[in-house]
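Here is what each chain is made of, one letter per residue.
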Amino acid sequence: MPTPPPSWFERDPLELAPLLLGGVLRRADAAGAVALRVTEVEAYRGADDPGAHSFRGMTQRNATMFGPGGHVYCYFTYGMHHAVNIVAGPAGSGWGVLVRAGEVVEGRALALERRSARRASPPTGELARGPGNVAQALGATLADDAAPLSDATFADSTLSDATPAGPSAAGSAERGAWSFVPAAASVPHATGPRVGVSGPGGDAIAHPWRYWMPGEPSVSAYRPATPRRRA
DNA sequence: ATAGCGATGTCCT
DNA sequence: GGACATCGCTATC
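Here the residue numbering is sequential within each chain, running from 1 through the sequence in written order. Chain letters start at A and ligand numbers start at 1, both assigned in the order the entries are written. For a predicted model such as this one, the threshold for reporting local features is a pLDDT of at least 70, and the threshold for listing and counting side-chain atom pairs is 80 or more; totals across whole chains, interfaces and linings nevertheless cover every residue. Where side-chain values are given, they derive from all heavy atoms of the structure, hydrogens and water being excluded.

Caption draft 1: Quick peek at the nonpolar core. The set of buried Ala, Val, Leu, Ile, Met, Phe, Trp, Tyr and Cys residues whose side-chain atoms join them within 4.5 Å is what this entry labels a nonpolar core. With a 1.4 Å probe rolled over the protein chains alone, any residue whose accessible area is under 20% of its type maximum counts as buried; one over 50% counts as exposed, and the rest are partly exposed. With 37 residues, the main nonpolar core has Leu 20, Leu 25 and Trp 178 as its most contacted residues. Secondary-structure elements contributing two or more residues to this core are α1 (13-20), β2 (32-44), β3 (72-77), β4 (81-88), β5 (95-106), α2 (108-116), α3 (131-138) and β6 (177-181). Among the elements that take part in this core, β2 stands out by supplying five residues, more than any other. In this description, contact between two residues means that some pair of their heavy atoms is separated by no more than 4.5 Å. Aside from chain neighbours lying at most four places away, what touches Leu 20 is Trp 8, Phe 9, Val 38, Val 41, Ile 86, Val 97 and Phe 180. Among the nonpolar cores identified, the runner-up in size contains ten residues, and Ala 52, Tyr 73, Leu 98 and Val 197 belong to it. Helix and strand definitions follow DSSP, with helices as H or I runs of at least four residues and strands as E runs of at least two, each counted in order from the N terminus.

Right under this line is the structure:
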């Protein structure tokens, strides 16, 4: 089944988020391919969502969110984590859906290798549980920011085609080839507050914009947003 | 259950 | 310059 056209992603994240559940997100690079069945996501909107990176307008980091849907918004945080979003909506909207968890269905050995490379102790839980682990399993880095979700897989294209003029000068991180295949049929899902989103007013942004597949072991346990210290 | 903490890019002052 | 980040792991009550 082919990756849907870019326009498929150009809808409200509240509508797109549940459609992503059960679909397969895949990234391939020279090291190989890892794919995961998406089990948990969070919708983020723009100017009307204080929890979104795009709330305060476009910056260098979040510029990809303001592009057209169907691209990967990848950022780095907490000094050690990358996170993967799928940009939603038309260009200019600043909408996106954060991929919080998934079940690794391809390239499990590679995903395991990537985690072990950064953790002394062997992994205890699921390989793609939590946004940081999702990015790590897929091998996503800042080099993947703005990568398109396309039909082009690593198998179909040469390495040079898959990584056009990437920051390979540094020799380290390389942009992978991304694709997403929606589930054949919509899957049952539950909703609840997003994780790690808080701010002045607290409840004001406590929208139930987290979507997950009940019973999936890869879905991260809910943890209330850490209250922000106030001056 | 919950608190501490790592380790750094990004943005605001 | 400094606060904080769409955590996740680990240690301790």
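Caption draft 2: Examining the pattern of salt bridges more closely. Criterion for a salt bridge: a side-chain nitrogen of Lys or Arg within 4 Å of a carboxyl oxygen of Asp or Glu. Taken as a whole and judged by the stated rule, the model has 13 salt bridges. The salt bridge partner of Arg 27 is Asp 29, with a shortest N-O separation of 2.9 Å. Look at Asp 29 and you get buried, because its relative accessible area is 8%. Taking the shortest distance from any N to any O, the salt bridge between Arg 100 and Glu 40 comes out at 3.0 Å. Of the two residues, Arg 100 is situated in strand β5 and Glu 40 in strand β2; the sequence distance between them amounts to 60 residues. Overall, Glu 40 belongs to the buried group, its relative accessible area being 0%.

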